[in-house]
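Here is what each chain is made of, one letter per residue.
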Amino acid sequence: MSTAIEFRNVTKTFHGANYSAVDHVSLTIDEGEFITILGSSGCGKTTLLKMINRLYEPDSGSVILFGEDISTVDVVKVRRRIGYVIQQIGLFPHYTVSENIATVPKLLKWDKAKIAARVDELLTLVGLDPKEFRNRYPSQLSGGQQQRIGLARALAVDPKIMLMDEPFGAIDSITREKLQDELLNLHRNMGKTFLFVTHDIEEAFKLGDRVIIMNEGKILQFDTPEAIIREPADPFVQSLVDSAKAKEAFWRAYL
Amino acid sequence: MIEYLTRYYDKLLTATLEHLEIVMITLMISLAIAAVLTIVSSYSKVVSRVLLNLFSMIYSIPSLALLALLIPVTGLGKKTAIIALVIYNQYLLLRNFLAGLEGVDPSIIEAAKGMGLTRMQMLFRVQVPLAKSALIAGMRIALVSTVGIATIASAINAGGLGGILFDGLRTMNIPKIVWGSILSALLAILIDRLLVFVEKRSEKADK
């Protein structure tokens, strides 16, 4: 299997901060893996993600996608090769659903028929009926539906890498469970590399083939959920696992 | 009062049209320059701050003083008036344009950036359409202020309704003062309403 993403000793410090948001991080991710990045707010997980599509530039070190150092590639080209989904979704309110999904294909000057077919294909893929949804505006959709469109828009030009920054963070727990299951299915069928940032340990362990656990800009452990639960590498990881177990015990008391 | 209107309606009409001409030429030039400055500012925060401070300083110069400063350079007349009005407008337009563009929901900007929109694509496909009402609001303020300051420009022989107003003041001719004021106020209100109408129409077209 080939390497999709590689961080080589990457550091990023924000202006005026006392410690590095990302502190000398090195890691490799294989093509087709579903990686979740887990940590509490301020741990650097979003910074790590945003250095992959160059929304942030590292202070030192390099980020390599499929063997290519992205600092040497035109930033717009890098971003168009990568799908990006954020918690606030950021749909364009003045565009219909199909115009939203077609944004990048249009910029790449696909012909109309190809765009229309792709929009319908993507809507079906994310579980929305094209006939019913393609001409709606974002304001006419529920939060869950909006995030489905956000996902479809990010998938539009078939990127090999998908970056997701707490995409289900603002969605109710029933819809979230459903979206998680569907996302797992999508991943299984597409063979893309997924990076998914979350602060929810259950979500991280449910979705990730491997989980990156971060704190204060450092990677504490990067392993399969099973290995992390069996052998937490660090007191912080231990406390995370314990907190999840405590929650589990809380529910068990009512069964 | 009415007698003055019936006797000198052609003079009043000519002055109104002249006034409108100054306002329209000023608007076209102002918008073109403000558009370029807005685009330049979108590339650099420093440039945008420098421009805004510069124009706010100029804006604080009283209009008669600015006109007087320009006379040695560009002489008396319409040209000088239009130059002064364009300079004043830059502050109003640039400030409102930049505030409008910056007011667009940051998560929409981030999503657009992450999708690989270039700065120009971001500006014209996302920011401008979403900031449309703020942009039009800026134009309205600039237009109304142009109509007002243009009356003062007649002090340097630029013509327009200010000419009638100042004639009236010099000779204490009340009808001239009143008609000069009424017509310039009406002009400002009409132009403002026209822009409101345009804004409403474009909003309807969006839906």
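Residues numbered from 1 in each chain as written. Chains lettered and ligands numbered in written order. Predicted model: local features only at pLDDT ≥ 70, side-chain atom pairs only at ≥ 80, totals over all residues. Heavy atoms only, no water.

## Observations regarding the overall build of chain A
Along the backbone of chain A there are eleven helices and ten strands. For chain A, the C-alpha radius of gyration of 19 Å lies close to 18 Å, the compact-globule estimate for 255 residues. Taken over the C-alpha atoms alone, chain A extends approximately 55 × 55 × 40 Å along its principal axes. By the burial criterion, 51% of the 255 residues in chain A qualify as buried. (Helix = DSSP H or I, 4+ residues; strand = E, 2+ residues; numbered from the N terminus. Rg over C-alpha atoms; globule rule 2.2 N^0.38 Å. Buried < 20%, exposed > 50% of the residue type's maximum accessible area, 1.4 Å probe, protein only.)

## Some details on empty space enclosed by the protein
Tallied over the full model, the rule gives two cavities of 30 Å³ or more. Taken as a whole, the largest cavity holds about 90 Å³ of empty space. Along the walls of the largest cavity sit 13 residues, with I82, V104, R153 and A154 of chain A together with M115 of chain B positioned nearest its centre. Among the secondary structure elements, those contributing two or more residues to the lining of the largest cavity are α2 (75-80), β6 (82-86) and α7 (143-155) of chain A. When residues in the lining of the largest cavity are grouped by element, the largest group, three residues, is from β6 of chain A. When its residues are assigned to classes, the lining of the largest cavity shows eight nonpolar, two polar and three charged. Lining of the second largest cavity is provided by V126, R148, L151, F168, L179, E182, L183 and L186 of chain A. For the lining of the second largest cavity, the secondary-structure elements that each account for two or more residues are α7 and α8 (173-190) of chain A. Counted by class, the lining of the second largest cavity contains six nonpolar, no polar and two charged residues. (1 Å grid on protein atoms, 1.4 Å probe; cavity = no way out; pocket = protein on both sides within 12 Å on 5 of 7 lines; lining within 4 Å. Points joined across faces, edges and corners; volume = space filled by probe spheres on them. Nonpolar A, V, L, I, M, F, W, Y, C, P; charged D, E, K, R; others polar.)

## Let's talk about the packing of aromatic side chains
In this structure the tally under the stated criterion is ten aromatic pairs over all chains. Between F34 of chain A and F196 of chain A the ring centres are 6.2 Å apart and the planes differ by 45°, which places this aromatic pair in the tilted class. One end of the pair, F34 of chain A, is in strand β3 (residues 34-38); the other, F196 of chain A, is in strand β8 (residues 193-198), and 162 residues separate them in sequence. When sorted by exposure, F34 of chain A lands in the same class as F196 of chain A, which is buried. Look at Y4 of chain B and Y8 of chain B: their rings are 4.8 Å apart centre to centre, the planes differ by 45°, and that puts the pair in the tilted class. Note that Y4 of chain B and Y8 of chain B are positioned in helix α1 (residues 2-43) at a spacing of four residues, about one turn of the helix. A relative accessible area of 9% means that Y4 of chain B is categorised as buried. Classification of Y8 of chain B by relative accessible area gives partly exposed; the value is 33%. The ring of F92 of chain A is capped by R153 of chain A, whose NZ or CZ atom sits 4.7 Å from the centre of that ring. One Lys or Arg, K160 of chain A, reaches over the ring of F66 of chain A and ends 4.9 Å from the middle of that ring. (Phe/Tyr/Trp six-rings, centres within 6.5 Å; stacked < 30°, edge-to-face > 60°. Lys NZ or Arg CZ within 6 Å of the ring centre and 35° of its normal.)

## Some remarks on unusual backbone geometry
Not every positive phi belongs to a glycine, and E166 of chain A is a case in point at roughly 45°. Of note, E166 of chain A is situated in the loop between β7 (161-165) and α8. A positive phi is found at M172 of chain B, a non-glycine position, where the angle reads about 50°. Its location among the elements puts M172 of chain B in the loop between α8 (161-171) and α9 (174-206).

## Here's the deal with the side chain of E6 of chain A
All names here are of chain A. Secondary-structure assignment places E6 in strand β1 (residues 3-12). A distance of 3.0 Å separates polar atoms of two side chains, one belonging to E6 and the other to R8. Not counting residues up to four positions away in its chain, the partners in contact with E6 are L27, T28, S62, V63 and I64. (Polar contact = N/O pair within 3.5 Å; in protein donor to acceptor, adjacent residues only side chain to side chain. Contact = heavy atoms within 4.5 Å.)

## Looking at the packing of α7 of chain A against α8 of chain A
Residue and element names in this part refer to chain A. It is at 11 Å that the axes of α7 and α8 come closest, and there the two elements cross at 20°. On the basis of the axis angle, α7 is roughly parallel to α8. Crossing geometry of α7 relative to α8 is assigned as right-handed. Facing α7, whose interface residues are G144, R148, L151 and L155, α8 presents T175, K178, L179, E182, L183, L186 and M190. By residue class, the composition of the contact of α7 with α8 is six nonpolar, two polar and three charged. (Axes fitted to C-alpha atoms, helices over the stretch in contact; angles between N-to-C directions. Parallel < 35°, antiparallel > 145°, perpendicular 65-115°, else oblique. Left-handed = near helix turned anticlockwise from the far one by under 90°.)

## A word on a positive patch on the surface
Together, K106, K109 and K112 of chain A together with R125 of chain B make up a positively charged patch on the protein surface. Structurally, the position occupied by K112 of chain A is in helix α5 (residues 112-125). (Patch = residues over 30% accessible without salt bridge, like charges linked within 9 Å, V, L, I, M, F, W, Y side chains within 5 Å. Areas by Shrake-Rupley, 256 points an atom, 1.4 Å probe, with all protein chains shown as cover. Salt bridge = Lys/Arg side-chain N within 4 Å of Asp/Glu carboxyl O. Lys, Arg positive; Asp, Glu negative; His and termini not counted. Charge placed at Lys NZ, Arg CZ, Asp CG, Glu CD.)

## Remarks on the interface of chain B and chain A
Bring the parts together and some accessible area is lost; that lost area is often taken as the interface size. Facing 17 residues of chain B, the contacting portion of chain A comprises 23 residues. Carbon and sulfur atoms supply 66% of the area that chain B and chain A bury against each other, a total of about 1,700 Å² over both sides. By the criterion of area lost to chain A, the three top residues of chain B are E110, M115 and R125 of chain B, representing 35% of everything that side buries. At the junction of chain B and chain A, the tally comes to one salt bridge. E110 of chain B is the partner of K50 of chain A in a salt bridge, and the nearest nitrogen-oxygen pair spans 3.3 Å. Joining chain B to chain A, the criterion identifies five residue pairs in polar contact (both at pLDDT 80 or more). Counting only elements with at least two residues in the side of chain B that touches chain A, the list comes to α5 (106-114) and α6 (119-130) of chain B. A per-element tally of the side of chain B that touches chain A places α5 of chain B first, with seven residues. Of the residues assigned to the side of chain B that touches chain A, the class counts are eight nonpolar, five polar and four charged. (Buried area = accessible area lost by both parts, 1.4 Å probe.)

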